[in-house]
Amino acid sequence: MKIIENNKSISENKKLFDNLIDSHLKILMPEKEKNSQKILELCHVGKFLMFFNNKIKIDKLYEKPDFILNGEFGEIGLEHQILIDNKPKEREGFFENIFSAAESELKKDSELPNFLVSCYLIPYVNFKINEKDNIIKIIVRVVKEYILTKKLIENPIIENISMTDHSEKSLNVNLGGWWVKDVTEELIIKAVRKKEKKLSSYRENSGKTQWLIIVIGSTGESSYNLYNPFEMNLETEFNKVFILEDFNNKLYELK
């Protein structure tokens, strides 16, 4: 497992990142919600390409594979995969969805000023799917009261709230602490094998050279990290395979 270094300054990385993704981001942003998954993929690939010092760029957004790259290695098909633990992801997705719905309701309320509110959940709180509409109503009521009075009314969901001024109305949820899990060789191989099944279509669509980027290390209990890099002999038909540790901005070349 080879570590690829990024020794550029924060300002240099920011400029490079913007140059890599801005023209493609403009295409996706008019339908931000519809394109949210592709926007996330684009941001990951922008971070990934920062490690190549402007020698590889995104030629086009695509499907099967997810991106076409071009640069010093010629044309490359790049497939993107986020590696997560699905069980806690279901819980994260449930609360992210209901807080997104609550945010939409709060945005319609002309009585409220702009805000950035973060809600911290009561530890281990859980609800059933059929309770979703009621939970959204509770969140809207609790958050509105806090914005207007700075008082947190008693409720079965939110333990604490923080608020700052903002340019729009924005509501976030914090699910609390979790145990960090290290990614394993078995998980990596399983992720690679899953994508290998589609390699023939990737090559048909974008040529012989195919890379795979596996993204780990986002925030949340469902994410994996790579605190202890290990050696592995990865045999795969992909020309290159990388792991991007998103939050820590680290890149590892597996092949």
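What you see is a predicted model; the values in this text were computed from it and never measured.

A. Focus on the overall build of the protein. The secondary structure content of the protein amounts to six helices and twelve strands. Projected onto its principal axes, the C-alpha positions of the protein cover 60 × 35 × 35 Å. When each of the 255 residues of the protein is scored for burial, the buried share is 42%. Put simply, 71% of the contacts in the protein that link residues at least 6 apart link residues at least 24 apart.

B. Representation of the sheet that holds strand S6 (residues 158-164) in the model. The strand order across the open sheet built from three strands is S6-S5-S7, with neighbouring strands paired in mixed fashion. Looking at the sheet topology across the chains shown, the edges are occupied by S6 and strand S7 (169-174). Each neighbouring strand pair of the sheet contributes to a mean axis angle of 20 degrees, computed without reference to strand direction. Pairing geometry for strand S5 (residues 115-121) and S6, over six bridges, is antiparallel. For Cys-119, the partnering residue across the bridge sits in S6 and is Ile-161. Lying on the sheet, helix H4 (residues 132-149) is in contact with S5, S6 and S7; it crosses S6 at an angle near 45 degrees.

C. Looking closely at the nonpolar core. One finds Phe-48, Leu-49, Phe-52, Leu-69, Leu-78, Trp-211 and Leu-251 to be the most contacted residues of the largest nonpolar core, which totals 27 residues. Among the secondary structure elements, those contributing two or more residues to this core are helix H1 (10-28), helix H2 (36-50), strand S2 (56-61), strand S3 (67-71), strand S4 (76-82), strand S9 (210-216) and strand S11 (240-245). Not counting residues up to four positions away in its chain, the partners in contact with Leu-49 are Leu-20, Ile-56, Lys-57, Ile-58 and Leu-69. Counting residues in each nonpolar core, the second largest holds 24 residues, with Phe-94, Leu-121, Ile-157 and Ile-158 among its members.

D. Just the side chain of Glu-41, in detail. Structurally, the position occupied by Glu-41 is in helix H2. The exposure class of Glu-41 is buried, given its relative accessible area of 9%. Within the local environment of Glu-41, its side chain forms a polar contact with the side chain of Lys-38, the two groups lying 3.3 Å apart.

E. A look at H1. In this model, H1 (19 residues) spans 25 Å end to end at C-alpha, consistent with the 27 Å of a helix rising 1.5 Å per residue. Asp-22 marks the point of greatest bend in H1, at about 50 degrees. Every buried residue of H1 is accounted for by Asn-13, Leu-16, Phe-17, Leu-20, Ile-21, His-24, Leu-25 and Leu-28.

Definitions and limits used
- Residues numbered from 1 in each chain as written.
- Predicted model: local features only at pLDDT ≥ 70, side-chain atom pairs only at ≥ 80, totals over all residues.
- Heavy atoms only, no water.
- Helix = DSSP H or I, 4+ residues; strand = E, 2+ residues; numbered from the N terminus.
- Buried < 20%, exposed > 50% of the residue type's maximum accessible area, 1.4 Å probe, protein only.
- Contact = heavy atoms within 4.5 Å.
- Pairing = 2+ DSSP bridges.
- Axes fitted to C-alpha atoms, helices over the stretch in contact; angles between N-to-C directions.
- Core = buried A, V, L, I, M, F, W, Y, C linked by side-chain atoms within 4.5 Å.
- Polar contact = N/O pair within 3.5 Å; in protein donor to acceptor, adjacent residues only side chain to side chain.
- Expected span 1.5 Å × (residues − 1).
- Bend = angle between axes of the 7 residues up to and from the residue.

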